[in-house]
Amino acid sequence: MITSIPIVDIGKISVSNSKPSDWEVVAEEIRKALHEVGFMYLINHGIPSDVIAANFEISEQFFSLPKEIKRKYKKNMKESRNGWVEPGEELLHPDSTFEYRECFDITSRKKFYPTDIPSFRPVHRRLESDCQKVIKNLLKLLAISLKLEDPEFFIKRCCHLDVPEIANECDFSMIFYPPILSETILPPGTVRCAEHTDYEIITLLFQNRVGGLEIKTANGEWISADPIPDAILVITGDLLEMWTNKYYPATLHRVVIPKTESERKSARYSFAYFIAPDSQVLIKPLKSEVIAQALQKDNNSQDCDRKKNFEEESQSTVITAYEHIMERVKTAYGIKNTDD
């Protein structure tokens, strides 16, 4: 039974003199972590602590602004996915009634920043740039972990990392979970963040010291994903699950309301970098030695059916990255029709 989330040290591949064998070793650690759990902590990733801390500072500054100022930056889904989201606007589970959190989303199309905080843009752009270096390493490690013929497979489908003008649905979301005080009145059934999977390939998640995030293991147990100072929590998303025929599952996770009064009174901050491919990339099951071996592991009829489905789906287009992500976004915001 899995009771903890694996910690993967990528320091050895983040240096200029790394060897192919170093990449193989780290890739195998990632394979085990993402196949068995779907989450992992990254340490020695190369992003300076002060850069992470500075982003928590600007996040706190923004969410501390009066509501009337934050509303100047309110998200308008008819124009873009950028902007401020009030509590209760986004529901991540079909049975969710109210989710008590705020977000400020920064996406590739029509990107903007809060001008009321002059330092916001440069501070955030520094972190975004540093994250993209880590992302490229992770995408290469994913390809190696699956023994794909081309170790640049995922990188070549995320050309926006080098050419920002290429359409993509990456989202850098700064998230605030307000304190729940004795006088706070919330609707019945309120949660901080309902259980859900992420939409994209992978997510880089940064957490402050306040916990509450839980993940659901393969055996149906919820375990805590407590913050580790300076570590990045990596989460697998829907598109990676689809690409790998569920070899790397998109793991359910949620943020619960703390049980103790002292914890409920503490504000929780996090920011998540949701990594998507270029918008028009077609997502269909990969032909991979690792995936094929997993499908053939048991010789029962169910496994044979899975192998047949894998072979059939490998020959046909499933969906574009854009179509899948926007389908999930529309559901979360209760949008039936949009031109966006």
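Along each chain, residue indices are assigned from 1 in the same order as the chain's sequence is written. This being a predicted model, a pLDDT of at least 70 is required before a residue's local features are given, and a value of 80 or more before pairs of side-chain atoms are given or counted; all residues contribute to the totals for chains, interfaces and linings. Water and hydrogen atoms play no part in the side-chain values, which are based on all heavy atoms of the structure.

Going by an unreviewed UniProt entry, the chain carries the name Fe2OG dioxygenase domain-containing protein and comes from Orchesella cincta. UniProt positions are given in the numbering used here, feature names are shortened, and annotations may be inferred rather than shown by experiment. Per its UniProt entry, the chain bears the Sequence similarities (unreviewed entry) comment "Belongs to the iron/ascorbate-dependent oxidoreductase family."

Participant: Describe in detail the overall build of the chain, supporting the description with residues and values.
Facilitator: Where helices and strands are cited, they refer to DSSP runs of H or I of at least four residues and of E of at least two residues respectively, numbered from the N terminus. Tallying secondary structure elements over the chain gives ten helices and 14 strands in all. The globule rule used here is 2.2 Å times the number of residues to the 0.38 power, and the radius of gyration it is set against is calculated over C-alpha atoms. Relative to its length of 340 residues, the chain is compact, with a C-alpha radius of gyration of 20 Å against a globular reference of 20 Å. In terms of overall dimensions, the chain has C-alpha extents of about 60 × 45 × 45 Å along its principal axes. Classification of residues uses two cut-offs on accessible area relative to the type maximum, computed with a 1.4 Å probe and protein chains only: under 20% is buried, over 50% is exposed, and between them is partly exposed. Across the 340 residues that make up the chain, the buried fraction comes to 50%. In what follows, a contact means two residues having at least one pair of non-hydrogen atoms within 4.5 Å. Here the analysis covers contacts within the chain between residues at least 6 apart in sequence; of these, 77% occur between residues at least 24 apart. A total accessible area of about 16,200 Å² is found for the chain, and carbon and sulfur atoms account for 49% of it. We get accessible surface area from the Shrake-Rupley algorithm with a probe of 1.4 Å; when it comes to residues, only the shown protein chains can shield them.

Participant: Account for the state of the cysteines, naming residues and giving values.
Facilitator: A pair of sulfur atoms, both from cysteines and within 2.5 Å, is called a disulfide here. According to the stated counting rule, one finds zero disulfides in the structure shown. Free cysteine cysteine 131: the closest other cysteine sulfur is in cysteine 170, separated by 11 Å. The class of cysteine 131 is buried, set by a relative accessible area of 0%. Free of any disulfide, cysteine 193 has its nearest neighbouring cysteine sulfur in cysteine 103, separated by 8.0 Å. You can call cysteine 193 buried: its relative accessible area is 7%.

Participant: Describe the sheet that holds strand β10 (residues 232-236), and please don't skip the residues or the numbers.
Facilitator: One requirement defines pairing of two strands: DSSP has to find at least two bridges between them. Taken in spatial order, the eight strands of this open sheet run β1-β2-β10-β7-β12-β5-β4-β3, and their pairing is mixed. This sheet does not close on itself; its edge strands, each paired only once, are β1 (7-9) and β3 (83-85). Each adjacent strand pair in this sheet contributes to an overall mean axis angle of 25°, direction not counted. Packed onto the sheet, helix α4 (residues 120-145) meets β2 (39-43), β4 (102-107), β5 (171-177), β7 (202-207), β10 and β12 (268-275) and runs at close to 135° relative to β7. Note on geometry: axes are lines fitted to C-alpha atoms, helical ones only across the stretch in contact, with angles between N-to-C directions running from 0 to 180 degrees.

Participant: Explain the pairing of strand β8 (residues 213-216) to me, and be specific about the residues and the numbers.
Facilitator: Bridge analysis of β8 against strand β11 (residues 253-255) gives three bridges, and the strand direction is antiparallel. Each bridged residue has a counterpart across the sheet, and for glutamate 214 the counterpart in β11 is arginine 254. In terms of strand pairing, β8 meets strand β9 (residues 222-224) through three bridges, oriented antiparallel. Looking at β9, one finds that lysine 216 is bridged to tryptophan 222. Here β8 folds back onto β9 in antiparallel fashion, the turn holding five residues, of which glycine 220 has a positive phi close to 90°.

Participant: Summarise the layout of surface pockets; cite the residues concerned and give the values.
Facilitator: Estimated volume of the largest pocket: approximately 380 Å³. Ser108, Lys111, Glu128, Gln132 and Pro164 are, among the 21 residues lining the largest pocket, the residues nearest its centre. Mapped onto the lining of the largest pocket, the elements with two or more residues apiece are β4, α4 and β5. Ranked by residues supplied to the lining of the largest pocket, first place goes to α4 with four residues. Of the residues in the lining of the largest pocket, the class split is nine nonpolar, six polar and six charged. Of the grid points, spaced at 1 Å and generated over the protein atoms alone, those admitting a 1.4 Å probe that cannot get out make up cavities, while open sets with protein on both sides within 12 Å along at least five of seven lines make up pockets; any residue with an atom within 4 Å of a point is treated as lining. Grid points are joined across faces, edges and corners, and a volume is the space filled by probe spheres set on the points. The residue classification treats Ala, Val, Leu, Ile, Met, Phe, Trp, Tyr, Cys and Pro as nonpolar and Asp, Glu, Lys and Arg as charged. All others, Gly included, are polar.

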